[in-house]
Amino acid sequence: MADDREPPPLFDDEKPDKKEEEDDLFATPNEAPKEEVKDEPASLPTEPVQDKASEDLFAADDDLFGAQNMQEDSAAPPQLEVVDEPPPEMDISGEGEEVDLDSPETEGPSSPAKMEPDSDSSPLEAPPMAEVLPPAKPVTEEKPKPTPAPRKPSMEKSKEEIEEEESGDQFALDIKVHDPGKIGDGMGAYMSYKVTTQTSIPAFRRPSMTVTRRFSDFLGLHEKLSQKHVHIGRIVPPAPEKSVVGMTKIKMSKEDTSSTEFVEKRRALLERFLQRISIHPVLQMDPDFRDFLEQDELPRATSTSAVSGAGVLRLIKGVGDTLSKVTIKMDESDQWFEEKQNQVEALDQQLKKLHASVEALVTYRKELGISTAAFAKSTAMLSNSEEHTALSRALSQLAEVEEKIEQVHLEQADNDFFLLSELLKDYIGIIQAIRIVFHERVKSFHNWQNAQQTLAKKREAEAKFKQTGKTDKIAHAQEEIREWEGKVEKGREDFEEISKTIRTEIRRFETNRVKDFRNIIIKYMETLMNSQQQLIKYWEGFLPEAKAIA
Amino acid sequence: MRSAVLYPSVIAQEGEDQDVPSRLTSTKMDNATEETNTNGTADVSDSPEADQDTPESSGLPEPTLPPKPFEPVFTVKVTDAAKDGEVVKYTLKTTKIKSDSEEYKVVRLYEDFEWLEHCLITQNDIAGIIVPPLPPKPSTTAQSAEARSKKQLGNKKRHGSDDDEGNDIKLVVGDEFEKDCRSLEKYLYLVVTHPILGQDESITKFLTVREAPTRAKLKKSIFSNLSKAVGEARKGGHKDVNEFFQKERDTVNEVSVQMKEAKENFMKIVYGEQRVAVGLSHLSTALHLGGQLQEGADVVVNKLFTQFSEGLEDAKQGLEVMAVNDENTLGFSLDLYSRYLEAEKEMLYRRTCKMMEFEAASKAVEKAKPQKREMVVAARDKAEKEFEDISKAAEKELKNFHHQRVLTFQDSLVRHADAKIKAARDTYALLTKCVTALKTLDTSFKPL
């Protein structure tokens, strides 16, 4: 996953508050390599990576845009903006680049004013925006190529928008999970993993570190991140799956190929989990995440155990959520969300089908490997019985070739699995996380509506008091009204906030999806090519032996 | 002389007078239509020499080697197999080696081949001969096709083997005409080039006469197969007087089992390759069932998937080609020799029987009473001569047999490796193109 370096995100901050953040940054002791007047704000360690300001500062996305293979597109490095205010432009799709331009020169200031009124809609104002875009294009094209790190603040007009760009390896977070080891024995045994991080992000204490973690630590991390981020609409990479069967085998010290496979599968899964977090501009800066990578000792995440108190609570909450999913209906006046949800569901279906096909392929290939091995043995036996020397030698060579080919098949099966199958599974999991944030948005809407209803009731009450002349209660009622007006306002803001966040998240998801799939597909095709090359090599080696028989 | 125990229901035929074996339909009888000539009427050939003359055979067939080195008279190709109802008709094209202009085209059924084999066996002294094995009858019924499919492709319901409604996609392997043609062709080649069998007139008739020879029903009695097996088991272990032969017997017993196993395992590889090809094909199809949106990331992903799917199709084709080639090269030889080694075993067994007869006759001489002595000695001498004859014939035959075997395998292995290399290279080239296309695919999109 994170093989490709993420060019450090670049963004321009025109916002005054950004400046402050920078100051803060300088204040923090961590900053060693603080060369650029960076938009380090991303490394807003000091502020809770909560909201607007810190959105998506780092384009954690790998080279999809510009850096790697899109050389052709380098002209317009894709930018993902996180827009702080929810200007309508957000819905604009850029000009063919993954540019979520809401036109740099646009209504920065006006956008706040343009705040969508409670009619939930950030309707797709594509048309109006469209005009804006073309002009935007040249602007972005002027943008320096990803490589030059310093982002010239002048480049960006839109104060609210922070544009992310890859610009070399400046703020890379390279994480590897390795060296799985079994600790302990019997039912209390567990696997531990080493997590090594290389980073140039100043917020980290050291540029490179290694810690030891166990599976429940990963689950604990997921738990913490979920609690902080999901309810505001961020897609948190799904937690790695527990596997009772796999782990029990390990605990029982069953050393066979399936348990080694299981361990490798899990190791790779944990690595991808961390890497996905690391490319998320906000989650990347989460202090819990940092602690996970840095701290030598972490408090045991006991609440991740299925049978703990927290586990039971989770279960209950899960049930509650499921019910509410069914009961809360939301009048979706924002078509974008409706379309997106449909799209996500369709994608889910497709991925599941693909996953089934890939699993079948893996099985077939493994069987082919086994058959090849059996034939190799038969051939060896024939070679032994053969009296004609040259033929015997050739048969013996054939047996060796077939053994090597068995390995080729098994390796290819592994590639089928680890590249394709796991990728599909990951995305099916991410889609689940997406469903969750969509649901959070519905909950937020619901809260807002409830607040509105309560406000209406309070107003009614006040009116009644006025009517019936209960002046003593009026003041109180008016207080409540004010209180609830505030809540309504907050509810609306929250709802819009989460809607905006989700849009950004979805866009990032799409971008990542394209990139991931592209990379994996290419890598996989290359493994297919490699297999062919090995076949060529082995058979070409055998040919002279065969010719020399007589 | 043949050992009567081996060939069931043989209507006895002496080997000496074979120009016009009374048993066989002579040319006269070919013309007569009183017997059912099942395929005579459906003859599609228009051979120049549709006449009924039998070209001369190259001499009197003898129980032992002919004085002059044998040269095969014919080259035969089995060019086509066509199904007519449940019956498969094979078209044979024959040319005379010495004069290319003489070409013959006939149509035969599998049963005609069986009859040919029967004639060869019964009209020649095949004692010391390793008789080329006739390929088993190809199955053409629907049930056998299904059975074959199950064997090759597996009958477990597998993931991805459903169509959209979850119905099991039945993958049925097609009839293997191509393979059958080649097997029969090889059989004819072995027969035609055999120094002794190749002189048999039945071959000439079989290859050149438009109407198929009339056949008598061949009964394969179960009982005699059984007694044959029991006999082999009992006598097969009898120690040989000759070291060379003892070794040969031991080896063939071992190798014939191994060869069969190798062939089975090899075919599993071929089926395995076919299955993976099917898996790739399913995946490739599933990639096409993409999102329907025309904008946004889905467009790009669909483009990626389409290209990927093409790449997978390339990989699949490569595998299919490999599977076919495998079967035609090494698979073919393994199959042939699995059966041919059985023929060798049978020949050695015949010799062993003769050896035991000789031993028994020798013992009888020792025990004979004076008045019977002369008879017994004569019997022993006869047995001795037969044994020597068969041993001589067998030795020569074995030499040829092994020589041919080595050459055949060399040829197969070389072609096998060549085919693999070519297929792999071709596949690699196609995959390279695909990867290039993938890498240069424009993955920009307008986020919705």
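J.: Now, about the overall build of chain A: what can you tell me, with residues and values included?
T.: Secondary structure summary: chain A contains 11 helices and 5 strands in total. Going through the 550 residues of chain A one by one, you find that 56% of them count as buried. Of the roughly 22,300 Å² of accessible surface on chain A, a fraction of 56% belongs to carbon and sulfur atoms.

J.: Describe the overall build of chain B, with residues and values.
T.: In terms of regular secondary structure, chain B is built from 9 helices and 3 strands. Looking at chain B as a whole, 50% of its 448 residues are labelled buried. Sequence-distant contacts in chain B: of pairs separated by 6 or more residues, those separated by 24 or more amount to 77%. As displayed, chain B offers around 21,700 Å² of accessible surface, 55% of which is attributable to carbon and sulfur atoms.

J.: If you had to explain the packing of aromatic side chains to someone new, which residues and values would you point to?
T.: Residues and elements named next belong to chain B. Taken as a whole and assessed by the stated rule, the structure comprises 22 aromatic pairs over all chains. Note on Phe244 and Phe245: the rings are 5.1 Å apart at their centroids and 80° apart in plane angle, and the pair reads as edge-to-face. Ring plane angle 85° and centroid distance 4.8 Å describe the contact between Tyr340 and Phe401, whose orientation is recorded as edge-to-face. Pair noted here: Tyr340 is in helix 8 (residues 297-367) and Phe401 is in helix 9 (residues 370-439), with a separation of 61 residues, a long-range link. As far as burial versus exposure is concerned, Tyr340 and Phe401 are alike and both buried.

J.: Run through the pairing of strand 2 (residues 87-96) of chain B, naming residues and quoting values.
T.: Residues and elements named next belong to chain B. Of all 10 residues making up strand 2, 7 are buried, and the element is well covered by its neighbours. Inspection of the sheet shows strand 1 (residues 74-84) paired to strand 2 by 10 bridges, in the antiparallel sense. The residue of strand 2 that forms the bridge with Asp80 is Thr91. Between the end of strand 1 and the start of strand 2, which pair antiparallel, lie 2 residues, with Gly85 showing a positive phi angle near 70°. Of the pairings in the sheet, the one linking strand 2 to strand 3 (residues 103-108) comprises 6 bridges and is antiparallel in character. If you follow Lys93 over to strand 3, its bridge partner there is Lys105. In this antiparallel pair of consecutive strands, strand 2 and strand 3, the connection spans 6 residues.

J.: So, the packing of helix 4 (residues 177-192) of chain B against helix 8 of chain B: which residues are in play, and what are the values?
T.: Residue and element names in this part refer to chain B. Their axes nearest at 12 Å, the elements helix 4 and helix 8 cross at an angle of 50°. Classed by the angle they form, the pair helix 4 and helix 8 counts as oblique. Pair helix 4 / helix 8 crosses with right-handed handedness. Residue-level inspection shows Lys179, Arg182, Ser183, Lys186 and Leu190 of helix 4 in contact with helix 8, the latter providing Glu327, Asn328, Phe332, Leu336 and Tyr340. Within the contact of helix 4 with helix 8, the residues separate by chemical class into 4 nonpolar, 2 polar and 4 charged.

J.: Would you mind going over the packing of helix 11 (residues 471-547) of chain A against helix 8 of chain B in detail, with residue names and values included?
T.: Packing of helix 11 of chain A against helix 8 of chain B brings their axes to within 10 Å, and their N-to-C directions diverge by 15°. Taken as axis vectors, helix 11 of chain A and helix 8 of chain B run roughly parallel relative to one another. Pair helix 11 of chain A / helix 8 of chain B crosses with left-handed handedness. Each of Glu510, Arg513, Val514, Phe517, Arg518, Ile521, Tyr524, Met525, Leu528, Gln532 and Leu535 of chain A in helix 11 of chain A lies in contact with helix 8 of chain B, whose residues at this interface are Ala297, Asp298, Val300, Val301, Leu304, Phe305, Phe308, Gly311, Leu312, Ala315 and Met322 of chain B.

J.: Account for the interface of chain B and chain A, with residues named and values stated.
T.: Taken together, the contact pairs 74 residues of chain B with 71 residues of chain A. Across the chain B to chain A interface the summed buried area is about 6,400 Å²; carbon plus sulfur atoms make up 71%. Our count for the chain B to chain A interface comes out at 6 salt bridges. Notably, a salt bridge pairs Glu387 of chain A with Lys247 of chain B, separated by 3.2 Å at the nearest N-O pair. Going through the elements one at a time, helix 7 (243-286), helix 8 and helix 9 of chain B are the ones with two or more residues in the side of chain B that touches chain A. At 23 residues, the largest contribution of residues to the side of chain B that touches chain A is made by helix 9 of chain B.

J.: Could you give me a rundown of the sheet that holds strand 3 of chain B, with the residues and numbers involved?
T.: Residue and element names in this part refer to chain B. If you trace the 3 strands from one edge of the open sheet to the other, you get 1-2-3, paired in antiparallel fashion. Two strands close off the open sheet at either side, each with one partner strand: strand 1 and strand 3. Strand-to-strand twist of the sheet, defined as the mean angle between neighbouring strand axes without regard to direction, takes the value 20°. Those strands touched by helix 4 are strand 1 and strand 2, and its axis lies near 150° from that of strand 1. Each of strand 1, strand 2 and strand 3 is contacted by helix 5 (residues 201-208), which is oriented at about 85° to strand 3, the strand it contacts most.

J.: Would you mind going over helix 4 of chain B in detail, with residue names and values included?
T.: Taking 1.5 Å per residue as the helical rise, helix 4 of chain B with its 16 residues ought to reach 22 Å, and the 22 Å between its terminal C-alpha atoms agrees with that figure. Buried-residue contacts for helix 4 of chain B involve strand 1, strand 2, helix 2 (110-123), helix 5, helix 8 and helix 9 of chain B.

J.: Describe in detail the sheet that holds strand 4 (residues 190-199) of chain A, supporting the description with residues and values.
T.: Residues and elements named next belong to chain A. Read from one edge of the open sheet, 3 strands run 3-4-5, paired in antiparallel fashion. Sheet topology places strand 3 (173-183) and strand 5 (208-214) at the edges, where each strand pairs with a single neighbour. Across the sheet, the mean angle separating the axes of adjacent strands is 20° when strand polarity is ignored. Here 7 bridges tie strand 4 to strand 5, and the two strands are oriented antiparallel to one another. The partner of Val195 across the bridge, within strand 5, is Val211. Lying on the sheet, helix 4 (residues 215-229) is in contact with strand 4 and strand 5; it crosses strand 5 at an angle near 105°. Sitting on the sheet, helix 7 (residues 287-294) is in contact with strand 3, strand 4 and strand 5, with an inclination near 90° to strand 5.

Definitions and limits used
- Residues numbered from 1 in each chain as written.
- Chains lettered and ligands numbered in written order.
- Predicted model: local features only at pLDDT ≥ 70, side-chain atom pairs only at ≥ 80, totals over all residues.
- Heavy atoms only, no water.
- Helix = DSSP H or I, 4+ residues; strand = E, 2+ residues; numbered from the N terminus.
- Buried < 20%, exposed > 50% of the residue type's maximum accessible area, 1.4 Å probe, protein only.
- Areas by Shrake-Rupley, 256 points an atom, 1.4 Å probe, with all protein chains shown as cover.
- Contact = heavy atoms within 4.5 Å.
- Phe/Tyr/Trp six-rings, centres within 6.5 Å; stacked < 30°, edge-to-face > 60°.
- Pairing = 2+ DSSP bridges.
- Axes fitted to C-alpha atoms, helices over the stretch in contact; angles between N-to-C directions.
- Parallel < 35°, antiparallel > 145°, perpendicular 65-115°, else oblique.
- Left-handed = near helix turned anticlockwise from the far one by under 90°.
- Nonpolar A, V, L, I, M, F, W, Y, C, P; charged D, E, K, R; others polar.
- Buried area = accessible area lost by both parts, 1.4 Å probe.
- Salt bridge = Lys/Arg side-chain N within 4 Å of Asp/Glu carboxyl O.
- Expected span 1.5 Å × (residues − 1).

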